[in-house]
Amino acid sequence: MKKYEYVSIDIDWFFGSGTIEHREIIDRYAADGYTYKGYIPTKINADGRMKTMDLIFEIDTDDIKR
């Protein structure tokens with residue numbers, strides 16, 4: 001069975017600051033056995049630009065570290 005985790009990212013701060021936080025999040029989840037699956041825009045402003053997004057991670061429940 002698959003389990004999914006979602007991590008919300010604020011785009012205004014995320015892209016405006018030149019951060020590498022997304023890499024740290026992906027690395028941390030990978031170390032716990034998750035696979036990065038992609039992202040979903042969760043909030044879009046009036047100009048059509050993303051304001052927030054969720055990073056999506058997947059793990060097989062048989063692989064969860066105990």
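Scroll up a little and you will see the structure.
This one's a predicted model, so the numbers in the text were calculated from it and none came from an experiment. In every chain, residue numbers begin from 1 and rise along the written sequence. Thresholds applied to this predicted model are a pLDDT of at least 70 for local features of residues and 80 or more for the giving and counting of side-chain atom pairs; totals over whole chains, interfaces and linings are not thresholded and use all residues. No hydrogens and no water enter the side-chain calculation; it runs on all heavy atoms of the structure.

Asker: Just checking my understanding: could you explain the overall build of the protein for this structure?
Answerer: Numbering of helices and strands runs from the N terminus, with a helix taken as a DSSP run of H or I at least four residues long and a strand as a DSSP run of E at least two residues long. Helix and strand counts for the protein come out as two helices and three strands. When the helices and strands of the protein are placed in sequence order, the string is β-α-α-β-β. Exposure classes here rest on a 1.4 Å probe applied to the protein chains alone. A residue is buried below 20% of its type maximum, exposed above 50%, and partly exposed in between. Across the 66 residues of the protein, 24% fall into the buried class. Only the protein chains shown count as covering a residue, and every accessible area follows the Shrake-Rupley method with a 1.4 Å probe. When the accessible area of the protein is evaluated, it comes to approximately 4,800 Å², of which 50% is carbon and sulfur surface.

Asker: How do you make sense of the environment of Ile 9 when you look at a structure like this?
Answerer: Turning to its location among the elements, Ile 9 is positioned in strand S1 (residues 2-10). In this structure, the C-alpha to C-alpha distance between Ile 9 and His 22, residues 13 residues apart in sequence, is 8.2 Å.

Asker: Any chance you could explain the sheet that holds strand S2 (residues 35-44) here in plain terms?
Answerer: Whether two strands pair depends on DSSP finding at least two bridges between them. Taken together, the three strands give an open sheet; going across it, the order is S1-S3-S2, and neighbouring strands pair in antiparallel fashion. The open sheet has two edge strands, S1 and S2, and neither has a second partner. Averaged over all adjacent pairs, the angle separating strand axes in this sheet is 25°, with direction ignored. Examined bridge by bridge, S2 and strand S3 (residues 50-60) share eight bridges and lie antiparallel to one another. For Gly 38, the partnering residue across the bridge sits in S3 and is Ile 56. Here, axes are lines fitted to C-alpha atoms. For helices the fit covers the stretch in contact, and angles between N-to-C directions go from 0 to 180 degrees.

Asker: What should I look at first to understand the pairing of S3 in this one?
Answerer: The side chains of a regular strand alternate, residue by residue, between the two faces of the sheet. Across the eleven residues that make up S3, a large majority, eight, are buried. Here S1 runs beside S3; their pairing, made up of nine bridges, is antiparallel. Bridged to Lys 2 within S3 is Asp 60. Turn length for the S2-S3 hairpin, with the two strands adjacent in sequence and antiparallel, is five residues, and the turn residue Gly 48 shows positive phi of about 85°.

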